[in-house]
Amino acid sequence: MKAARHESHLRDGRVILSFDIEAVHQIEAARHCALSADWRSESYQRVARQVEWLRRVLDRYNVRATFFWVGKVAWRLAYLVRALHREKHEVGCHGWSHRALWDMNPEEFTKDIELNKRILENITGEPVAGFRAPTFSISQEKPWAVQSLYELGFHYDSSIYPIVHDRYGLAAAPRGPFRLVGGTAELLELPPATWQLGPVRLAIGGGGHFRFWPLFICDVGIRQALRDTGYAMLYFHPWEFDTDQPKLPLSLFRRWRTYTGIKYMRGKLQRFLGQYQFVLASQAAKELDRHRASLPVFYLGAAKAEMGKQTQGRLT
Ligand SMILES: [Zn+2]
């Protein structure tokens, strides 16, 4: 029975559309840029304008999406968090200050995410189920992050990009949804979509990867992910739709990586929205819980040796 339900998910594959709501001056590439208070203030206002545009477009296509908010942005733009929540979009956490995990110890991480979660829950009046680490920075060396997220009450995570990359990525992780174990805790993991070409796995799930490839390439990869895993998790950022934004003072390579393809993104997103069926990340996580035992398990750090299969998982 469980297997039959699983197969029906595979046939009806749906896209999980997500947005990481951060200001462009908070991204990893900008961390050493000296920016004025005016520049940063304008950058927050630009987030508001892009989110307003996203709201209108999603409404036009009747699509609901998952918005992972940086706490500092949500605090300034609480009216937008509230509006999205009222319109049945999902609100998730993306860190209070968008600090990557490699910059924090376990205590700092827990404080940062606890504040992020509390602010969002105060704004919407509802518990937050999902988390995405800034710069996909949950790595093999950070099993404590899973423990901490579990103890803070999260149900699912979307921080493991199963690819080879210079800054992030765990290439050995499964392509589709899986059970992520760290310490004594377990979370449901919804990884960004990839395209498997023989032994090569290409990132096509969002950000610079999605901006770089023409849409038809992303389509082929997304359709394969839907067929193979039942879901395709995509992620975008508000600044990726902001065509006339002032540019950060970056090196040539970083400038190319940050801004390539932005002028096509509004058109790409709208073409894309008409082609697929969509589901909120929290809804996908609930569906997956029904056949959780059949999902692959991926262990961080020494979790496997310590715990075997005796982990705590949260079912809803
Ligand atoms: Zn981010």
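Quick notes on the rules
Residues numbered from 1 in each chain as written. Predicted model: local features only at pLDDT ≥ 70, side-chain atom pairs only at ≥ 80, totals over all residues. Helix = DSSP H or I, 4+ residues; strand = E, 2+ residues; numbered from the N terminus. Rg over C-alpha atoms; globule rule 2.2 N^0.38 Å. Buried ≥ 20, exposed ≤ 12 C-beta atoms within 10 Å, placed from the backbone. Contact = placed C-beta atoms within 7 Å. Axes fitted to C-alpha atoms, helices over the stretch in contact; angles between N-to-C directions. Left-handed = near helix turned anticlockwise from the far one by under 90°. Nonpolar A, V, L, I, M, F, W, Y, C, P; charged D, E, K, R; others polar. Expected span 1.5 Å × (residues − 1). Pairing = 2+ DSSP bridges. Core = buried A, V, L, I, M, F, W, Y, C linked by C-beta atoms within 7 Å. pLDDT = per-residue confidence, 0-100. Arc of directions from axis to C-beta.

Examining the overall build of the chain
So, step 1. Along the chain, the regular secondary structure elements total 12 helices and 12 strands.
So, step 2. Relative to the compact-globule value of 20 Å for 316 residues, the chain shows a C-alpha radius of gyration of 18 Å, a close match.
So, step 3. Overall, the chain is about 55 × 45 × 40 Å in size when its C-alpha atoms are taken along their principal axes.
So, step 4. Residues counted as buried form 45% of the 316 residues belonging to the chain.
So, step 5. Here the analysis covers contacts within the chain between residues at least 6 apart in sequence; of these, 78% occur between residues at least 24 apart.

Comments concerning unusual backbone geometry
So, step 1. Despite not being glycine, His98 has its phi angle at roughly 60°, a positive value.
So, step 2. Its place among the elements puts His98 in the loop between strand E3 (90-93) and helix H5 (106-124).
So, step 3. Take His98: there are 24 C-beta atoms within 10 Å of it, and that puts it in the buried class.

As for the packing of H5 against helix H6 (residues 143-151)
So, step 1. At their nearest, the axes of H5 and H6 sit 10 Å apart, and the two run at 35° to each other. Between H5 and H6 lies a crossing of right-handed hand. Residues Pro106, Phe109, Thr110 and Ile113 of H5 pack against Trp144, Ala145, Ser148 and Leu149 of H6.
So, step 2. Looking at side-chain class alone, the contact of H5 with H6 contains six nonpolar, two polar and no charged residues.

A word on the packing of helix H4 (residues 78-86) against H5
So, step 1. Running from N to C, H4 and H5 cross one another at 65°; their axes reach a closest spacing of 9 Å. For the pair H4 and H5, the sense of crossing is right-handed. Facing H4, whose interface residues are Ala78, Val81, Arg82 and His85, H5 presents Leu120, Ile123 and Thr124.
So, step 2. Here the residues of the contact of H4 with H5 are counted per class, giving four nonpolar, two polar and one charged.

A look at the environment of Lys72
So, step 1. Locating Lys72 in the fold gives a position in helix H3 (residues 71-76).
So, step 2. Residue Lys72 is classed as partly exposed on the basis of its 19 C-beta neighbours within 10 Å.
So, step 3. For the pair Lys72 and His291, spaced 219 residues apart in sequence, the C-alpha to C-alpha distance is 36 Å.
So, step 4. Look past the residues within four positions of Lys72 in its chain and what remains in contact with it is Trp96 and Ser97.

Focus: helix H2 (residues 37-61)
So, step 1. Across its 25 residues, H2 extends 37 Å between first and last C-alpha, which sits within 8% of the 36 Å expected from 1.5 Å per residue.
So, step 2. Elements in contact with the buried residues of H2: strand E1 (14-21), H3 and H4.
So, step 3. Immediately beyond the C-terminal end of H2, within one or two residues, lies Asn62, with a positive phi of roughly 55°.

With respect to the pairing of E1
So, step 1. Burial runs high along E1: seven of the eight residues are buried.
So, step 2. With six bridges connecting them, E1 and strand E10 (residues 231-236) associate as parallel partners. Counted as the bridge partner of Ser18 is Tyr235 from E10.
So, step 3. Both E1 and strand E2 (residues 66-69) contribute to a ladder of four bridges, which runs parallel. Across the sheet, residue Asp20 finds its bridge partner in E2, namely Phe68.

Details of the nonpolar core
So, step 1. Ranked by size, the top nonpolar core spans 81 residues in total, and within it Ile16, Trp69 and Ala232 carry the most contacts.
So, step 2. The dominant element in this core, judged by the number of residues it contributes, is E10, at six residues.

Considering the confidence of the model for the chain
So, step 1. Per-chain confidence: the chain averages 89 in pLDDT, with 91% of residues scoring 70 or above.
So, step 2. Scored below 50 in pLDDT, residues 1-10 shows 11 contacts in the model against residues more than four places distant or in partner chains.

Examining the environment of Phe131
So, step 1. Inspection of the secondary structure puts Phe131 in strand E4 (residues 130-131).
So, step 2. Phe131 gets classed as buried once you count the C-beta atoms within 10 Å, which come to 25.
So, step 3. Among all residues touching Phe131, those that are not within four sequence positions of it are Gly92, Cys93, Ile113, Leu149, Phe154, Asp157 and Ser159.

Description of H5
So, step 1. The first and last C-alpha atoms of H5 sit 27 Å apart over 19 residues, in line with the 27 Å expected at 1.5 Å per residue.
So, step 2. All of the buried residues along H5 are Phe109, Asp112, Ile113, Asn116, Lys117, Ile119 and Leu120. For H5, the buried positions fall inside an angular range of 160° around the axis, keeping them on one side. H5 presents Glu107 and Asn122 as exposed residues on the side facing more than 90 degrees away from its buried surface.
So, step 3. Looking at the buried side of H5, the elements it contacts are E2, H3, H4, E3, E4 and H6.

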